[in-house]
Amino acid sequence: MNINVKIGDLNNTQSDLLLLGVFQNETKFLSSTVLVNQSLDGYIKFLIDNHEVTGKLSEITLFYTPREFYPQIKSKKILILGLGQRKKFDHNIFRELLSKVSMYLINKNVSTIISSLPDDLSKDFDSKEIYISFSEGLYFGIYKFDKYKTKNLPITIPNLCNIVLQDDNFDSINQYILKGIRLAKAECFARDLVNEPANNLSPEIFASSAIDISKKLNVKSVVYDLEKLKSFGMGAFIGVTSGSDRPPKFIHLTYEGDKKNPDNNIWIIGKTITFDTGGISLKGPVGMSAMKGDMGGGAAVLSAFEVICQYKPKVNVNIICPATDNMPSGSAQKPGDVVVAMNGISIEVDNTDAEGRLTLADAISYAKKNNASMIIDIATLTGAARVSLGEGQSAIFSNNDSFLSMLIESSKLTGEVFWRLPLDPVSKKQNHSDIADIKNSGGRSAGTITAAHFISEFVGDTPWIHIDIAATSMISSGRSWYKKGATGVTTRTIIRLILDTLSVKEIINR
Ligand code: BES
Ligand code: MN
Ligand code: ZN
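Residues numbered from 1 in each chain as written. Chains lettered and ligands numbered in written order. Predicted model: local features only at pLDDT ≥ 70, side-chain atom pairs only at ≥ 80, totals over all residues. Heavy atoms only, no water.

Neighbouring residues of ligand 1: 16 residues in total, closest K283, D294, D353, E355 and G383. In this structure, an oxygen atom belonging to ligand 1 sits 2.8 Å away from a side-chain N or O atom of D353. Within the contact set of ligand 1, an oxygen atom lies 2.8 Å away from a side-chain nitrogen or oxygen of E355. The cavity where ligand 1 resides is the largest pocket. When grouped by side-chain class, the residues that make up the shell around ligand 1 number 4 nonpolar, 5 polar and 7 charged. (Near = heavy atom within 4 Å. Polar contact = N/O pair within 3.5 Å; in protein donor to acceptor, adjacent residues only side chain to side chain. 1 Å grid on protein atoms, 1.4 Å probe; cavity = no way out; pocket = protein on both sides within 12 Å on 5 of 7 lines; lining within 4 Å. Sits in = over half its atoms within 2 Å of the grid points. Nonpolar A, V, L, I, M, F, W, Y, C, P; charged D, E, K, R; others polar.)

Glancing now at the domain arrangement of the protein chain. You can read the domains of the protein chain as domain 1 (3-147 + 155-186) and domain 2 (201-400 + 417-489). For domain 1 versus domain 2, the distance between C-alpha centres works out to 40 Å. Tallying the contact residues gives 13 residues for domain 1 and 7 residues for domain 2. Roughly 980 Å² of surface becomes buried between domain 1 and domain 2 when both sides are summed, with 59% attributable to carbon and sulfur atoms. At the boundary of domain 1 and domain 2, one finds 0 salt bridges. Secondary-structure elements contributing two or more residues to the side of domain 1 that touches domain 2 are α3 (91-104), α5 (127-141) and α6 (170-195). (Domains from an automatic or database assignment. Contact = heavy atoms within 4.5 Å. Buried area = accessible area lost by both parts, 1.4 Å probe. Salt bridge = Lys/Arg side-chain N within 4 Å of Asp/Glu carboxyl O. Helix = DSSP H or I, 4+ residues; strand = E, 2+ residues; numbered from the N terminus.)

Let us now look at empty space enclosed by the protein. A water-sized probe rolled over the atoms picks out the places where empty space is left. Per the counting criterion, the structure on display carries 1 cavity of 30 Å³ or more. Within this model, the largest cavity holds a volume of roughly 50 Å³. Lining the largest cavity, in full, are G21, V22, F23, E26, K28, F29, L30 and T33. Across the lining of the largest cavity, the residue classes break down as 4 nonpolar, 2 polar and 2 charged. (Points joined across faces, edges and corners; volume = space filled by probe spheres on them.)

So, on to the sheet that holds strand β5 (residues 112-115). Pairing in this open sheet of 6 strands is mixed, and the strands run β1-β6-β5-β2-β4-β3 from one edge to the other. Edge positions in the open sheet fall to β1 (2-7) and β3 (60-64), since each of these has one partner strand only. Strand-to-strand, the axes of this sheet are offset by a mean angle of 25°, without reference to chain direction. Two strands pair when backbone bridges link them, and β1 and strand β6 (residues 160-165) are joined in this way by 6 bridges, in the parallel orientation. Residue pairing across strands places K6 opposite V164, the latter belonging to β6. (Pairing = 2+ DSSP bridges. Axes fitted to C-alpha atoms, helices over the stretch in contact; angles between N-to-C directions.)

Protein ligation of the manganese ion (ligand 2) involves D276 (OD), D353 (O), D353 (OD) and E355 (OE), the donor distances falling in the range 2.1 to 2.2 Å. Its 6 donor atoms give the manganese ion (ligand 2) angles of 70 to 168° at the centre, a pattern that matches the irregular case. For the manganese ion (ligand 2), all donor residues lie on one chain, and their spacing in sequence is D-x76-D-x1-E. In this structure, the manganese ion (ligand 2) lies 3.1 Å from the zinc ion (ligand 3), and both are coordinated by D276. Here D276, found in strand β10 (residues 272-276), pairs with D353, found in the loop between β13 (346-349) and α11 (356-369); they are 77 residues apart in sequence, far enough to count as distant. Taking the relative accessible area as the measure of exposure, D276 reaches 3% and is therefore buried. (Donors = N, O, S within 2.8 Å, 3.2 Å for Na, K, Ca; no water. Tetrahedral: all angles 85-135°; square planar, octahedral: opposite > 155°, others 65-115°. Buried < 20%, exposed > 50% of the residue type's maximum accessible area, 1.4 Å probe, protein only.)

A few words now on the sheet that holds β13. Within the open sheet, the 3 strands sit side by side as β12-β13-β17. Their pairing is mixed. The open sheet has two edge strands, β12 (337-340) and β17 (438-439), and neither has a second partner. Looking at chain direction, β13 and β17 are connected through 2 bridges and run parallel. Among the inter-strand pairings, E348 is bridged to a residue of β17, identified as K439.

Of all the 8 residues making up strand β8 (residues 249-256), 7 are buried; the element is thus mostly covered by neighbouring parts of the structure. Direction of pairing for strand β7 (residues 220-224) relative to β8: antiparallel, over a ladder of 5 bridges. Looking at the pairing, Y224 lines up with F250 of β8.

One finds L19, L121, I266, I268, V317 and I376 to be the most contacted residues of the largest nonpolar core, which totals 93 residues. The greatest single-element share of this core, amounting to 10 residues, is contributed by α6. Looking at which domains feed residues into this core, each of domain 1 (3-147 + 155-186) and domain 2 (201-400 + 417-489) supplies at least three. In this structure, L121 is in contact with F23, L30, L83, F89, F94 and I130, ignoring residues within four places of it in sequence. If you look at the next biggest cluster of nonpolar residues, it comprises 36 residues, including M234, I273, I320 and Y366. (Core = buried A, V, L, I, M, F, W, Y, C linked by side-chain atoms within 4.5 Å.)

In the first shell of the zinc ion (ligand 3), the protein supplies K271 (NZ), D276 (OD), D294 (OD) and E355 (OE), at 2.0 to 2.4 Å from the metal. Every donor counted, the 6 donor atoms about the zinc ion (ligand 3) form angles of 79 to 173° at the centre, which fits octahedral coordination. As a motif over one chain, the donors of the zinc ion (ligand 3) read K-x4-D-x17-D-x60-E.

In structure tokens, the structure reads:
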């Protein structure tokens, strides 16, 4: 879909559809509604007076405006969107509404849309976020993952939206729209990676798409193979890889936005298990196919990185995707094995299905060895996250309140929801091993917390945020701007964190 910004007259611009909005219980119309209502000789007011249009949230009223009857209107149809109550309205609701509109217009014979709705709303709400969520919503509404359907029915999707402005601000509005498009495309790219079946997304394929991205952006990239990982002493990661025939790839991309200040850096690590069978601690068959998505963290990190680089922020950003399958085989690691991570900590592998934290242990040790100032890890880590928080919010942990508050601030821009869980001393004890420094599984209770405790052992004092997206990365039914399946969650929040809310210096200089 293309989204353009134009200065012009709504009535005289040709399109398949003109989009208007109405707030609930509000007699004063938005200016574009006033304009079109006049051209229609008060017909919109008539619809409202007769309760055909109420402005209720998500209400959609569509009608034709044939030339013969309405020569003043150059659009073929008009859609009046219910915006709900003004006091509850914000950019996050707007994103959801727009995704509903563009989804609704699929197969409705609409390919061009015009609207001044974002222009109207930007006068009363956060202008920048209104434009960003407008383009995000339009994109999300038409997202689909159907590349493997061989009998695709031809469908018409809206492919052009012109935002008609009454006044200036043309350049900054164009920038906001472009930012929204980039954010949405990045999230959809992450969704595509997560939805992609594991037979077509190996560590090798993941690595080559990372390299493609780094070449396109002209940034540093390195992909380590098994031999190199051995020389690094990454025993924890190697243990996980040992059951697979498909070779592991440890991917590290670097964007240098502040070369003169190497301390001004952030490292973002995404769990990239291209398929998680559980290994010798084999999972049951029910729902195992969802483990093609056990690289949701890596997908979010990689797609966020691309947009971050496009905006050239003044900070050094490193991403790591330690990619491997977790397979059972004659060479697989066994429960009870002891492995040693790159930083020398020994780990008793109590459960080979707690593999994510093992791969993260070495990725974090590697980041610390390379002088990471701050670390974020994003991982589909624990089934327990679904039990505690459900599909609606990702679990977050941190050893640094101001760092975490910057993430929360950016989540308010994106509408992604995070909920902090504690790193309490009682559950920490569950990771105790009788024979090694630590055990990789803490048993059933507080499973999301014990996993975070495990990771924190490798992080030490470095400012750090851990995000467990096990329950939010793939969802069982569509809601708000999401479809059933992959959500691409955290992609946009990470981008907004780096571009809009993060100050590394503020955290490391305190
Ligand atoms: N990848 C899974 C977690 C997961 C489960 C993600 C469901 C998405 C949906 C992870 O590797 C895992 O298997 N975790 C175990 C840990 C346990 C063995 C301590 C779990 O949650 O059962
Ligand atoms: Mn597992
Ligand atoms: Zn896993």
